[in-house]
Amino acid sequence: MNDNVVPFSSENTDGPAILTENPPPASSGCGFKISRAKLAEILATIKWSVPAKATIPVLSNVLISFADGRLALSGTNIDAHSIIETDVVSRSGGSVTVDARTFSQIVAKLSGEDITVDVRGTSIVVSDGQNETRLDGIPASEFVPVPSAEYVSEFVMSGGQLKVAMSAAIPFASHDHTRYILNSVYMDFAKKALVATDGRRLVVVDAPALSVASTSGVILPIQAAETLAGTLPEAAMVSVALAKSGRYVKFNVAMGTTVYTYISKLVDGNYPNYTQVIPRESPRFSCRVKRQEIGSMLERLLVICNGDKPCVKFNFTLTEVQASAIRSGVGAGDESVLIDGEGTEDGVKVAINPLFILQAAAAWVDDRIEIRLKDDVSPVTLHGEGKLAVVMPVCLE
């Protein structure tokens, strides 16, 4: 385990020690001093967990809690909590909540290298030495507490690897909130992979570090996956722990004196047996194509066919793939790129939503993508290093 990573244990179950269910009330003369750039960076991370439209006023706020030279900022949407602790110069101790976005904007507009934040009742005064702004807030006692759970340390992987894997899986997840099981990324511990599907396409991304003996897998809400992909530092190691109750997962990153903790509620239910849709028989045709070339071609064709149901017709031959798109009232496009094909000399014709291939190509880093096909109605598979995508063809009338 990386020495810079703070491991999880059953002794630390309630988040950072200075965050409690009943934070200490602010006293007169309490506050802290911190680098403006550092505070801006922390708030940018915390805002990922703050809902844009909160049903409860306090959910729009960030919890500011400080004592004994340590500051903790926390944001939540009830289902997930982001907490960042760091060293500061503090006077006494206290806590309060203020609007996260307003606080972040004020910090961004200040010009000094360091700023001071003074807590006065349920308000804070932010100053860079020349400019001063007061923000009114809500008592810290109204903030949603970090869920109490007993965690077991499971595995450690690099933030960069987890970001890349999450970024490759996210576009394939369903964003239909009525299909909550598919509105997620599945962490398949048995196969050491991240999986996402919306019923029309599927992606399986290898993640060798996902080694957990206690369960076969957990379902991570899509918002949690997006937060992790957007906020995890690439250079740091991430320690991942599961709650014994099976309801929560905790991600922990330590960089020097700064500790980032992200806790998310897991989706309750059984993930579909995705392996059933992965073709097992040998394809009639396969080819290798340059990722950037097919991506550029499809981006141009998408300009023509973009709409509710974009569709591109492909004709794969041994030496090239011809692609065409047409849309009434807009126009038509015909393009082709060279490929290295194998299989039937007749090739294969198939219609596919171009977005499915574009999203796979954008998230992958391979120079070439291997495409395997059987016919115009069977699933199409895309293969890259450590990644597999399955795409259902478009049925044409």
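Reading the values: the criteria
Residues numbered from 1 in each chain as written. Predicted model: local features only at pLDDT ≥ 70, side-chain atom pairs only at ≥ 80, totals over all residues. Heavy atoms only, no water. Helix = DSSP H or I, 4+ residues; strand = E, 2+ residues; numbered from the N terminus. Buried < 20%, exposed > 50% of the residue type's maximum accessible area, 1.4 Å probe, protein only. Areas by Shrake-Rupley, 256 points an atom, 1.4 Å probe, with all protein chains shown as cover. Lys, Arg positive; Asp, Glu negative; His and termini not counted. Charge placed at Lys NZ, Arg CZ, Asp CG, Glu CD. Pairing = 2+ DSSP bridges. Axes fitted to C-alpha atoms, helices over the stretch in contact; angles between N-to-C directions. Contact = heavy atoms within 4.5 Å. Left-handed = near helix turned anticlockwise from the far one by under 90°. Nonpolar A, V, L, I, M, F, W, Y, C, P; charged D, E, K, R; others polar. 1 Å grid on protein atoms, 1.4 Å probe; cavity = no way out; pocket = protein on both sides within 12 Å on 5 of 7 lines; lining within 4 Å. Points joined across faces, edges and corners; volume = space filled by probe spheres on them. Salt bridge = Lys/Arg side-chain N within 4 Å of Asp/Glu carboxyl O. Polar contact = N/O pair within 3.5 Å; in protein donor to acceptor, adjacent residues only side chain to side chain. Parallel < 35°, antiparallel > 145°, perpendicular 65-115°, else oblique.

Visitor: Can you break down the overall build of the protein residue by residue, with the values?
Guide: The helix and strand inventory of the protein stands at 6 helices and 26 strands. With the C-alpha coordinates aligned to their principal axes, the bounding extent of the protein is approximately 80 × 50 × 35 Å. When the 397 residues of the protein are sorted by exposure, 53% land in the buried category. Carbon and sulfur atoms make up 47% of the accessible area of the protein, which totals about 18,500 Å². In the protein, the 35 positive side-chain charges and the 44 negative ones have mean positions that sit 2 Å from each other.

Visitor: How would you explain the sheet that holds strand β12 (residues 193–197) if you had to name every residue and give the values?
Guide: Taken together, 9 strands build an open sheet; the order of strands is β14-β11-β12-β13-β26-β25-β24-β18-β22 and the sheet is antiparallel. The sheet is open, and its two borders are formed by β14 (217–221) and β22 (340–343), each paired with just one other strand. Shown here is a sheet whose adjacent strand axes are inclined to one another by a mean of 20 degrees, direction ignored. Relative to strand β25 (residues 380–384), strand β24 (residues 368–373) is paired through 3 bridges, and the arrangement is antiparallel. Counted as the bridge partner of E370 is H383 from β25. Strands β18 (285–290) and β24 of the sheet are contacted by helix α5 (residues 291–305), whose axis makes an angle of about 90 degrees with β18.

Visitor: With reference to specific residues and values, describe the pairing of β25.
Guide: Of all 5 residues that make up β25, 4 are buried, and the element is covered over most of its length. Where β25 meets strand β26 (residues 387–391), 5 bridges bridge the pair, whose relative direction is antiparallel. Bridging from a neighbouring strand, H383 pairs with L388 of β26.

Visitor: I'd like a rundown of the packing of α5 against helix α6 (residues 354–363), residues and numbers included.
Guide: For the pair α5 and α6, the least separation of the axes is 9 Å and the interaxial angle reads 145 degrees. Considering the relative orientation of α5 and α6, their crossing is left-handed. Between α5 and α6, the residues in contact are R291, G295, L298, E299, L302 and C305 and P354, L355, I357, L358 and A361, respectively. In the contact of α5 with α6, the residues fall into 8 nonpolar, 1 polar and 2 charged.

Visitor: Go over the layout of surface pockets with me, naming the residues and quoting the values.
Guide: Of the volumes computed, that of the largest pocket is approximately 460 Å³. Those elements that place two or more of their residues in the lining of the largest pocket are α4 (222–231) and β17 (258–265). It is α4 that provides the largest number of residues to the lining of the largest pocket, a total of 4 residues. Residue composition of the lining of the largest pocket, grouped by class: 8 nonpolar, 6 polar and 4 charged.

Visitor: Now, about the pattern of salt bridges: what can you tell me, with residues and values included?
Guide: Per the counting criterion, the structure on display carries 10 salt bridges. Between K374 and E281 there is a salt bridge; the shortest N-O distance is 2.6 Å. One end of the pair, K374, is in the loop between β24 and β25; the other, E281, is in the loop between β17 and β18, with 93 residues separating them in the sequence. The salt bridge involving R372 is made with E370; its shortest N-O contact spans 3.0 Å. Judged by relative accessible area, which is 30%, R372 ranks as partly exposed. One salt-bridge network, held together by shared partners, links R70, E85 and D87.

Visitor: Can you explain the side chain of T258? Please cite residues and give values.
Guide: Relative to the helices and strands, T258 is located in strand β17. A polar contact of 3.0 Å, which involves the side chain of T258, links it to the side chain of T86. Setting aside residues up to four positions removed in sequence, T258 forms contacts with K38, I84, E85, T86 and V253.

Visitor: Summarise the environment of A363; cite the residues concerned and give the values.
Guide: Relative to the helices and strands, A363 is located in helix α6. Residue class for A363 comes out buried when judged on its relative accessible area of 17%. Distance in space between the C-alpha atoms of A363 and S167 is 6.4 Å, their sequence separation being 196 residues. Setting aside residues up to four positions removed in sequence, A363 forms contacts with S167, A168 and K387.

Visitor: Explain the sheet that holds strand β16 (residues 248–255) residue by residue, including any values.
Guide: Read across the sheet, 8 strands follow the order β6-β2-β3-β4-β17-β16-β15-β10 without closing on themselves; strand pairing throughout is antiparallel. The strands lining the two open edges of the sheet, one partner per strand, are β6 (94–99) and β10 (151–158). If you compare each strand with its neighbour and ignore which way they point, the axes differ by 20 degrees on average. As defined by bridge partners, strand β15 (residues 237–243) adjoins β16 across 5 bridges and the pair is classed as antiparallel. Across the sheet, the residue bridging to S239 is N252, located in β16. Together, β16 and β17 form the strand contacts of α4, whose direction differs from that of β17 by roughly 165 degrees.

Visitor: How would you explain α4 if you had to name every residue and give the values?
Guide: Counting buried positions along α4 yields 7 of 10 residues, so the element is predominantly enclosed. Those residues of α4 not exposed but buried are I222, A224, A225, T227, L228, A229 and T231. Buried residues in α4 make contact with α1 (36–46), α3 (159–169), β11 (184–188), β14, β16 and β17.

Visitor: Break down the packing of α3 against α4 for me, with residues and values.
Guide: Running from amino to carboxyl end, α3 crosses α4 at an angle of 135 degrees, the nearest separation of the two axes being 8 Å. On the basis of their axis angle, the class for α3 and α4 is oblique. Two packed elements cross with a definite hand, and for α3 against α4 that hand is left-handed. Between α3, through K163, M166 and S167, and α4, the contact on the second element is made entirely by A225, L228, A229, G230 and T231. Split into classes, the residues belonging to the contact of α3 with α4 amount to 4 nonpolar, 3 polar and 1 charged.

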